[in-house]
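An overview of the molecular structure
If you want the building blocks of each chain, they are given just below.
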Amino acid sequence: MRRLGHGPAATEPLLLEQDPERVLGTASLGKLFLLRAVSERIDRDRGAASLLLPRPEGLEVEDSGLWWHLAAPRLTVGDLAVLVASCSDNLAANALIDWIGLQAVQDVARQWVPGGSTLCDFFRGHRGPEHPPEVSVGCAQDYLLVMEDIARAATPALATVRSWLRTGVDLSLVAAAARLDPLSHYHPRGLDCVNKTGCDVGVRADVGVLTSPGGILVYAVLASWDPSAEEGTAEAVIEDMRRLGGLLVEHMDHAMPAR
């Protein structure tokens, strides 16, 4: 976790870190690289946002998200990106990966961060031996850099990614401590959260930006464990992440100017 200082490149020392370079399965966090690849394509070609994409044949997945519940056979690139950012829509993500190419997403990841974080594959209802074992992998150090860049939004493409992420509805992990309305992140004292989560068997992850009148704090929390671990491990991990979020919010509260 790190507070951002003033200026486009200023950072303050890390507040807390543990194994920041350790690469783990990160579930849907890899969608951040997809969103940046899509936003950069739109930045180069404004008409791309209105391009209608069909449900990807052979890549249907009835999992997280809304599109598989909807009747619409096609959605625009821009609308699909919002679905990916807001409710981690796997079918929408597959349509965008199919359109832009997995290699393009991996190129963005490689250019953006140095620690090996990337999107490895499409999202699948069943991951067989012929598929990569994890849909995405990454380390906290990389995702801290990702969220710092999204916080600063120094390019139009990054500003677009941030605007998409502002629609996010999953505030169940680290961000739960902020006690924001997941459908409208309004807080009477100006606390705001932009984040992306990842959830899979043996994986919980939350990376984000907390903003208040007292400053900006960027965090990346990744947890991975053996799925065969004793019952209750997931619940314990979630509670630990929420407690950590409470420490971050407390830190932000102390930094807020007195009224």
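Every value quoted in this text rests on a predicted model; they were computed, and no experiment measured them. Per chain, residue numbering runs from 1 following the sequence as it is written. Two thresholds apply to this predicted model, a pLDDT of at least 70 for residue-level local features and 80 or more for giving and counting side-chain atom pairs, whereas whole-chain, interface and lining totals are computed over all residues. Values reported for side chains reflect all heavy atoms of the structure, with hydrogen atoms and water molecules removed beforehand.

**Side note on the overall build of the protein**
The numbering of helices and of strands both runs from the N terminus, where a helix is a DSSP run of H or I of at least 4 residues and a strand a run of E of at least 2. A count of helical and extended segments in the protein gives seven helices and ten strands. For 259 residues, the compact-globule estimate of 2.2 N^0.38 gives 18 Å, and the C-alpha radius of gyration of the protein, at 18 Å, lies within 12% of that figure. Taken along the three principal axes of its C-alpha coordinates, the protein extends 55 × 50 × 35 Å. We call a residue buried when its accessible area falls under 20% of the maximum for its residue type, exposed when it is over 50%, and partly exposed in between, using a 1.4 Å probe and counting protein chains only. Considering the protein as a whole, with its 259 residues, one finds that 51% of them fall into the buried category. Only heavy atoms matter for contacts: two residues are in contact if any of them lie within 4.5 Å across the pair. For the protein, contacts bridging at least 24 residues in sequence account for 63% of all contacts bridging at least 6. About 12,300 Å² of surface is accessible on the protein, with carbon and sulfur atoms providing 52% of the total. Counting rule for charge: Lys and Arg are taken as positive, Asp and Glu as negative, and neither His nor the chain ends is counted. The atom standing in for a charge is NZ when the residue is Lys, CZ when it is Arg, CG when it is Asp and CD when it is Glu. Treating the 23 positive side-chain charges of the protein as one cloud and the 34 negative ones as another, the clouds have centres 6 Å apart. Within these notes, the globule rule equals 2.2 Å times the number of residues to the 0.38 power, and the radius of gyration is based on C-alpha atoms. With residues, only the protein chains shown are counted as cover, and all accessible areas are computed by Shrake-Rupley using a 1.4 Å probe.

**Quick look at the nonpolar core**
Nonpolar core, defined: a set of buried Ala, Val, Leu, Ile, Met, Phe, Trp, Tyr and Cys residues in which side-chain atoms within 4.5 Å join the residues together. In this structure, L96, V146 and I150 are the most contacted members of the largest nonpolar core, which totals 57 residues. Counting only elements with at least two residues in this core, the list comes to α1 (31-44), α2 (77-87), α3 (90-100), α4 (102-112), α5 (140-152), α6 (156-165), β9 (203-212) and β10 (215-224). The contacts of I150, once residues within four sequence positions are left out, are L32, W112, L158, V161, R162 and L165. Counting residues in each nonpolar core, the second largest holds 23 residues, with V221, I238, L248 and V249 among its members.

**A few points about α1**
Helix span is expected to be 1.5 Å times the residue number reduced by one. For α1, which comprises 14 residues, the first-to-last C-alpha distance of 20 Å matches the rise-based estimate of 20 Å (1.5 Å per residue) to within 8%. Considered for burial, the residues of α1 that qualify are K31, L32, F33, L34, L35, R36, A37, V38, S39 and I42.

**Quick notes on the confidence of the model for the protein**
pLDDT expresses, on a scale from 0 to 100, how confident the predictor is about each individual residue. Within the protein, residue pLDDT values average 91, and 92% of them lie at 70 or more. Note on residues 6-10: pLDDT under 50 across the span, and six contacts to partners over four residues away in sequence or across chains.

**So, the pairing of β10**
Within β10, eight of the ten residues are buried, leaving the element largely enclosed by the surrounding structure. Note: β9 against β10, ten bridges, orientation antiparallel. The residue bridging S212 from the neighbouring strand is G215, located in β10. Any two strands are treated as partners once DSSP identifies two or more bridges connecting them. The loop that links β9 with its antiparallel partner β10 comprises two residues.

**Here we look at the state of the cysteines**
Here, two cysteine sulfur atoms that lie within 2.5 Å of each other are counted as a disulfide. By the definition in use, this model includes zero disulfides. Counting only cysteine sulfurs, C199 is the nearest neighbor of C87, a cysteine outside any disulfide, at a range of 14 Å.

**Quick notes on the sheet that holds strand β6 (residues 118-119)**
Sheet architecture is open: three strands sit in the order β3-β7-β6, paired in antiparallel fashion. Bordering the open sheet on either side are β3 (24-25) and β6, each of which pairs with just one other strand. Of the strand pairs in this sheet, β3 and strand β7 (residues 136-138) are connected by two bridges, and their pairing is antiparallel. The residue of β7 that forms the bridge with G25 is V137.

**Re the packing of α1 against α4**
The description of two packed helices rests on the angle between their axes and on the distance between the axes. One way to put it is that α1 packs onto α4 with a least axis distance of 8 Å and a crossing angle of 105°. Classed by the angle they form, the pair α1 and α4 counts as roughly perpendicular. Here L32, F33, L34, R36, A37 and E40 of α1 come into contact with α4, specifically with A104, V105, V108, A109 and W112. Residue polarity is assigned by list, with Asp, Glu, Lys and Arg as charged and Ala, Val, Leu, Ile, Met, Phe, Trp, Tyr, Cys and Pro as nonpolar; anything else, Gly included, falls into the polar class. Considered class by class, the residues forming the contact of α1 with α4 number nine nonpolar, no polar and two charged. Axes here refer to lines fitted to C-alpha atoms; in helices the fit is confined to the stretch in contact. Angles between the N-to-C directions go from 0 to 180 degrees. Convention used here: angles under 35 degrees read as roughly parallel, angles over 145 as roughly antiparallel, angles from 65 to 115 as roughly perpendicular, and any remaining angle as oblique.

**Quick look at the packing of α1 against α5**
For the pair α1 and α5, the least separation of the axes is 11 Å and the interaxial angle reads 40°. Classified by the angle their axes make, α1 and α5 are oblique. The handedness of the crossing between α1 and α5 comes out as left-handed. For the pair α1 and α5, the contacting residues are L32, F33 and R36 in the first and Y143, V146, M147, D149 and I150 in the second. For the contact of α1 with α5, the residue count by class is six nonpolar, no polar and two charged. By convention the crossing between two helices is left-handed if the near helix lies anticlockwise of the far one by an angle smaller than a right angle, and right-handed if it lies clockwise.

**Regarding the packing of aromatic side chains**
Planes of paired rings set the category: under 30 degrees apart is stacked, over 60 is edge-to-face and the rest tilted, where pairs are Phe, Tyr or Trp rings (Trp by its six-membered ring) whose centres lie within 6.5 Å. Enumeration over the complete set of coordinates arrives at two aromatic pairs. Summarising the aromatic geometry, the rings of F33 and Y143 are spaced 5.7 Å apart at their centres and angled 40° between planes, so their arrangement reads as tilted. Here F33, found in helix α1, pairs with Y143, found in helix α5; they are 110 residues apart in sequence, far enough to count as distant. Judged by relative accessible area, F33 falls into the buried class, the value being 0%. Among the aromatic residues, those joined into a ring-pair cluster are F33, W112 and Y143. In this scheme, Lys NZ or Arg CZ marks a charge over a ring once it lies within 6 Å of the ring centre and within 35 degrees of the ring normal. Against the face of W112 rests R36, its NZ or CZ located 4.4 Å from the ring centre. Above the ring of W99, the side-chain terminus of R41 is found at 5.1 Å from the ring centroid.

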